[in-house]
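Listed here are the chains, written in short residue letters.
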Protein chains: 2
Amino acid sequence: MTAARDDTHDPALASWVDSANHPDTDFPIQNLPYGRFRRKGTDEPWRIGVAIGDEVLDLRLAAELCPWGDPVLELLTPLAAGDLAAFMALGRPAWQTLRAALSRALSADSIQGAFLESCLVQQVDVQLSLPCEIGDYTDFYTSIHHATAVGGLFRPDNPLLPNYQWVPIGYHGRSSSIVVSGKSLRRPMGQIKLPDAAEPVLRASRRLDFELELGALIGSDNDLGHPVAMAQAEDHLFGLVLFNDWSARDIQPWEYQPLGPFISKNFGSTLSPWVVTMQALAPFRRPFKRPAGHPQPLPYLDSEANRSAGAIDIDVEVWLQTLRMKKAGHPGDRLSGSNYSEAAYWTLAQLVAHHTVGGCNLRTGDLLGTGTLSGPAPGQGGSLLELCGGGKTPLTLSTGEQRTFLEDGDTVILRGACAAEDARRIGFGDCRGTVLPSVD
Amino acid sequence: MTAARDDTHDPALASWVDSANHPDTDFPIQNLPYGRFRRKGTDEPWRIGVAIGDEVLDLRLAAELCPWGDPVLELLTPLAAGDLAAFMALGRPAWQTLRAALSRALSADSIQGAFLESCLVQQVDVQLSLPCEIGDYTDFYTSIHHATAVGGLFRPDNPLLPNYQWVPIGYHGRSSSIVVSGKSLRRPMGQIKLPDAAEPVLRASRRLDFELELGALIGSDNDLGHPVAMAQAEDHLFGLVLFNDWSARDIQPWEYQPLGPFISKNFGSTLSPWVVTMQALAPFRRPFKRPAGHPQPLPYLDSEANRSAGAIDIDVEVWLQTLRMKKAGHPGDRLSGSNYSEAAYWTLAQLVAHHTVGGCNLRTGDLLGTGTLSGPAPGQGGSLLELCGGGKTPLTLSTGEQRTFLEDGDTVILRGACAAEDARRIGFGDCRGTVLPSVD
């Protein structure tokens, strides 16, 4: 079910793009994530590019100016037209073929380098958009540590509901308000009912929070009425992004019974612009095991391949830069971090198999959120709700400022990276968003 | 906030299309709903048409073959190109202008009739699709009778949750699996945990149900971060359709805590093909009142216009045609019916104002479901769950067959119509779907 390692993963592979060889870059030649961009200050149509070191390889120019073989040129056609989704719909063999071609073209000894040099644009000179139009967005709840911690705040004597170990719990989210990293979001207004109040009031949220998540973008689709089996589940996954599912913790408890969160979530979510492909993540696949004493998944959620390599070793972390820090040129404080393979109780393949088991069709550009990726240890909470014990224990920042929830002007930055002894480190770039005051 | 009545609503207005003057037609000249069609047996690009009597006025041909003034021709341009959404995005003045022009052109004394006769195609000769691409889909829960009845099955001593009278409860639904009337849907598989079982099993749903709803399609959008006030809420509504939100009642109870329904809903929903515009519904607006003793809505959900005319008098009903009936040429039994103005505890304007209060952006083509429109009286339940007391009291059909939930081969048909003393009756056409066996 998982992409095998190949030459494109060779940790010794270097690029003729110097900045891609820097040990700290998120975008070495082993990564090659896709994004949608245009040159800053222009309103040219969006183009598709591949991040390489500090640069973007402009695939429109690359298709025009560089000699490619026929099959590769055909794969580049939708990308040259600015349509990442059309490429995502082509399926895994297409993704692998183009990855291999781009890897060769960007490698240090490539004869194509001379043609491609003029196809590079500095990342600092581009504006990025969402990588594609997002279709349906589903948010899951895959961290048992998050589910237990949050459940414990609502139900101290019964933190984890009995369905959790059987059902990959998820719900449909709001697509229209998903924005790309860098776009600010307004603090939402909403109905809030305080515990000691007789009636709710409309006011701005005072318990605004982030959620540290990964998002999976669907590549090839499945037909309505045709469930996807575990063995084929990962064939439908194009790649991963970072995802901040902002949440208003004081709106949620009043509204969420019986149909789930709504206004507390749909005011905005932030996506990182570079899609790290499943192929790039191949060296970081890990065995996936249920904790001792937990029931085995039902057969439709189980496979040998999922047990042997269903997990992905991705370190994720969240940083906070207050307005005061920003003004002082301070990059922000690291608030917490966890590892996807330790946080997740359900794998991506299981999410796809469960989502489609009733016949639901996934379409190219659909987004599956993992849910908040809290780790097992204290301090690995993926939300302020968890890090501050439901608002009771403030965090003290390096500036002396304190937070239980987010304040206006705060910037939240998610980061993610994969590292392994036998592989080149790859990263996701930043996923950042700033809180604007409410319209109140 | 509501469209005023004008000449297009004159009940005495007749059309040169004879079948539009039949008293039983859903589509007299006072209606003029939009749909997307192509001629049966062709794969021509989808066209936009207006239903009139038993015919469809092909707006592509009409734009080409009939003389129109400049402003009307401009409004017809996106429609002639098959793009209803582009027209929906133009906003209410555009919708009113074209409605007036089409009403004049189709009226009995129109000089345009000679040009338009060749632009008609029989409805029996066309295939219909979804009227536009559906963006985000939100389902509300606006019938207090449904909420109380269903809540009573889950929580006999606490049927209606305390937030219900304050919050227009809603949740995000699945867009990809919304299909047009006439498309069959497979009975879903899903995890089901019986009350006396220790563990869940994967099997086909045995408690498959319909939900009798109306859907509102968003016309003009609002920007992210900019709530829509009550006074402007209806400006964003293009029109209404019938909507069957199929539900698997045995999957739902096991999965829905804590984030809401998922597999129990996302296997499919059925939309009627003809969009009845808010302008066509103007004669059927009614005062909207809270029941005695209920709290008044918070100010952001209240307006004088909403109180005086927020409700819409639409009779909705559900019919069931079993496979045996179908084979015998029997049109099916009417199972139940209710009136939208009596069923709904929240108006459409309140749904828009609440949906956007936190800043969420509604986009052209988004769908708001009303939730199951159960009326106050016994026998007015909008689902089998209610009509059969949670599966305990079977319905006996006119053929002697019994049902507590749907069986394979059953066809569910929703219908809706508006009637008033001083207005011509208008209808919604059928919204039908047949249950196929599971893939099991």
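Values in this document were obtained by computation on a predicted structure and should not be read as measured data.

1. Observations concerning the overall build of chain A
When helices and strands are tallied, chain A shows 13 helices and 27 strands. Taking 2.2 N^0.38 as the reference for a compact globule, 440 residues should give roughly 22 Å; the C-alpha atoms of chain A span a radius of gyration of 22 Å, in line with that estimate. Its C-alpha atoms give chain A principal-axis dimensions of about 70 × 55 × 40 Å. The buried share of chain A, reckoned over its 440 residues, is 64%. Across chain A, contacts joining residues at least 24 apart in sequence account for 74% of those joining residues at least 6 apart. A total accessible area of about 15,300 Å² is found for chain A, and carbon and sulfur atoms account for 52% of it.

2. A look at the interface of chain B and chain A
The interface of chain B with chain A comprises 58 residues on the first partner and 58 residues on the second. Overall, the association of chain B and chain A removes approximately 5,400 Å² of surface from exposure, summing both partners, and the carbon and sulfur fraction of that is 64%. Summed over the shared surface of chain B and chain A, the number is four salt bridges. Arginine 174 of chain A is the salt-bridge partner of aspartate 366 of chain B, the closest N and O atoms lying 2.7 Å from each other. Viewed at the interface, chain A and chain B are joined by 27 residue pairs in polar contact (both at pLDDT 80 or more). At the level of secondary structure, the elements contributing two or more residues to the side of chain B that touches chain A comprise strand E6 (137-140), strand E7 (170-172), strand E9 (185-186), strand E10 (189-192), strand E11 (201-204), helix H8 (252-255) and helix H12 (348-356) of chain B. Counting residues per element, the side of chain B that touches chain A draws most heavily on E7 of chain B, which supplies three residues. Taken together, the residues of the side of chain B that touches chain A sort by class into 33 nonpolar, 17 polar and eight charged.

3. Let's talk about the pairing of strand E6 (residues 137-140) of chain A
All names here are of chain A. Neither face of E6 is left uncovered, since the one carrying Tyr137 and Asp139 and the one carrying Thr138 and Phe140 both have all their residues buried. With three bridges connecting them, E6 and strand E22 (residues 367-369) associate as parallel partners. From the neighbouring strand, threonine 138 faces E22, where its bridge partner is leucine 368. Here three bridges tie E6 to strand E7 (residues 170-172), and the two strands are oriented antiparallel to one another.

4. Overview of the sheet that holds strand E5 (residues 126-129) of chain A
Residue and element names in this part refer to chain A. If you trace the five strands from one edge of the open sheet to the other, you get E4-E3-E2-E1-E5, paired in antiparallel fashion. Edge positions in the sheet fall to strand E4 (120-122) and E5, since each has one partner strand and no second. Recorded for the sheet is a direction-independent mean angle of 50° between the axes of neighbouring strands. Note that strand E2 (residues 47-52) and strand E3 (residues 55-58) share four bridges and pair antiparallel. For isoleucine 52, the partnering residue across the bridge sits in E3 and is glutamate 55.

5. Some words on unusual backbone geometry
Peptide bonds are mostly trans, and most non-glycine residues show a negative phi. Of the consecutive residues glutamine 257 of chain A and proline 258 of chain A, the connecting peptide bond is found in the cis state with omega at 5°. Mapped onto the elements, proline 258 of chain A comes out in the loop between helix H8 (252-255) and strand E16 (269-271). Although it is not a glycine, leucine 32 of chain B adopts a positive phi angle of roughly 60°. Overall, the relative accessible area of 3% leaves leucine 32 of chain B in the buried class.

6. Some words on the domain arrangement of chain A
All names here are of chain A. Per the domain assignment, the segments of chain A are domain 1 (7-129) and domain 2 (137-436). The interface is formed by 32 residues belonging to domain 1 together with 29 residues belonging to domain 2. Regarding the contact of domain 1 and domain 2, the summed buried area is about 2,400 Å², with carbon and sulfur atoms giving 64% of it. Taken together, the connections running from domain 1 to domain 2 amount to two salt bridges. Measuring nitrogen to oxygen at the nearest pair gives 3.5 Å for the salt bridge that ties arginine 92 to aspartate 235. Our count for the contact surface shared by domain 1 and domain 2 stands at eleven residue pairs in polar contact (both at pLDDT 80 or more). Every element with two or more residues in the side of domain 1 that touches domain 2 is listed here: strand E1 (34-39), E2, helix H3 (84-88), helix H4 (92-106) and E5.

7. Re the environment of arginine 206 of chain B
Residue and element names in this part refer to chain B. For arginine 206, the position within the fold is in the loop between E11 and strand E12 (208-209). Between the alpha carbons of arginine 206 and leucine 436 there is a distance of 13 Å; along the sequence they are 230 residues apart. Once residues within four sequence positions are removed from consideration, arginine 206 is found in contact with Arg187, Asp250 and Phe405.

8. Remarks on the pattern of salt bridges
Proximity of charged atoms lets side chains of opposite charge pair with each other. Enumeration over the complete set of coordinates arrives at 52 salt bridges over all chains. Across the pair glutamate 317 of chain B and arginine 334 of chain B runs a salt bridge, and its minimum N-O distance is 2.7 Å. With glutamate 317 of chain B in strand E20 (residues 315-321) and arginine 334 of chain B in strand E21 (residues 333-339), the pair connects residues that are 17 residues apart, well separated along the chain. A cluster of three or more residues bridged by salt bridges with shared partners is formed by Asp209, Glu211, Asp245, Arg249 and Lys265 of chain A.

9. Re the nonpolar core
Counting 160 residues, the largest nonpolar core has Leu281 and Ile314 of chain A together with Leu281 and Ile314 of chain B as the members making the most contacts within it. Aside from chain neighbours lying at most four places away, what touches isoleucine 314 of chain B is Leu214, Leu240, Leu281, Ser338, Asn339, Tyr340, Ala417, Cys418 and Phe428 of chain B.

10. Details of the pairing of strand E2 (residues 47-52) of chain B
All names here are of chain B. The buried count for E2 comes to six of six residues, which makes it a mostly enclosed element. Alternating residues of E2 divide into Arg47, Gly49 and Ala51 and Ile48, Val50 and Ile52, and every residue in both groups is buried. For strand E1 (residues 34-39) and E2, the ladder comprises four bridges, and the chain directions are antiparallel. Residue pairing across strands places phenylalanine 37 opposite arginine 47, the latter belonging to E2. Connecting E2 to the antiparallel partner strand E3 (residues 55-58) that follows it, the hairpin turn spans two residues, and glycine 53 within it adopts a positive phi of roughly 60°.

11. A look at the relation of the copies chain B and chain A
Superposing chain B onto chain A requires a rotation of 180° together with a translation of 0.0 Å along the rotation axis, leaving an RMSD of 0.0 Å. Here the two chains are linked by the operation of a two-fold rotation axis. Of every C-alpha in chain B, the one belonging to glycine 260 of chain B sits nearest the axis of rotation, 2.2 Å from it. Comparing interface residues between copies, 100% of those in chain B also sit at the interface in chain A, which points to an isologous, same-surface contact.

12. Examining the sheet that holds E1 of chain B
Residues and elements named next belong to chain B. The sheet built from five strands is open, its strands ordered E4-E3-E2-E1-E5 with antiparallel pairing. Because the sheet does not close on itself, it has two edges, and the strands there are strand E4 (120-122) and strand E5 (126-129). Here the strands of the sheet are splayed against their neighbours by 45° on average, with no regard to which way each runs.

13. Overview of the side chain of serine 205 of chain A
All names here are of chain A. As for its placement among the helices and strands, serine 205 is situated in the loop between strand E11 (201-204) and strand E12 (208-209). Residue class for serine 205 comes out buried when judged on its relative accessible area of 2%. Within the local environment of serine 205, its side chain forms a polar contact with the backbone nitrogen of arginine 207, the two atoms lying 3.2 Å apart. Those residues in contact with serine 205 that sit more than four places away from it in its chain are Arg187, Pro188, Ile192, Ala248, Asp250 and Ile251.

Parameters and conventions
- Residues numbered from 1 in each chain as written.
- Chains lettered and ligands numbered in written order.
- Predicted model: local features only at pLDDT ≥ 70, side-chain atom pairs only at ≥ 80, totals over all residues.
- Heavy atoms only, no water.
- Helix = DSSP H or I, 4+ residues; strand = E, 2+ residues; numbered from the N terminus.
- Rg over C-alpha atoms; globule rule 2.2 N^0.38 Å.
- Buried < 20%, exposed > 50% of the residue type's maximum accessible area, 1.4 Å probe, protein only.
- Contact = heavy atoms within 4.5 Å.
- Areas by Shrake-Rupley, 256 points an atom, 1.4 Å probe, with all protein chains shown as cover.
- Buried area = accessible area lost by both parts, 1.4 Å probe.
- Salt bridge = Lys/Arg side-chain N within 4 Å of Asp/Glu carboxyl O.
- Polar contact = N/O pair within 3.5 Å; in protein donor to acceptor, adjacent residues only side chain to side chain.
- Nonpolar A, V, L, I, M, F, W, Y, C, P; charged D, E, K, R; others polar.
- Pairing = 2+ DSSP bridges.
- Axes fitted to C-alpha atoms, helices over the stretch in contact; angles between N-to-C directions.
- Domains from an automatic or database assignment.
- Core = buried A, V, L, I, M, F, W, Y, C linked by side-chain atoms within 4.5 Å.
- Least-squares fit on C-alpha atoms with pLDDT ≥ 70 in both.

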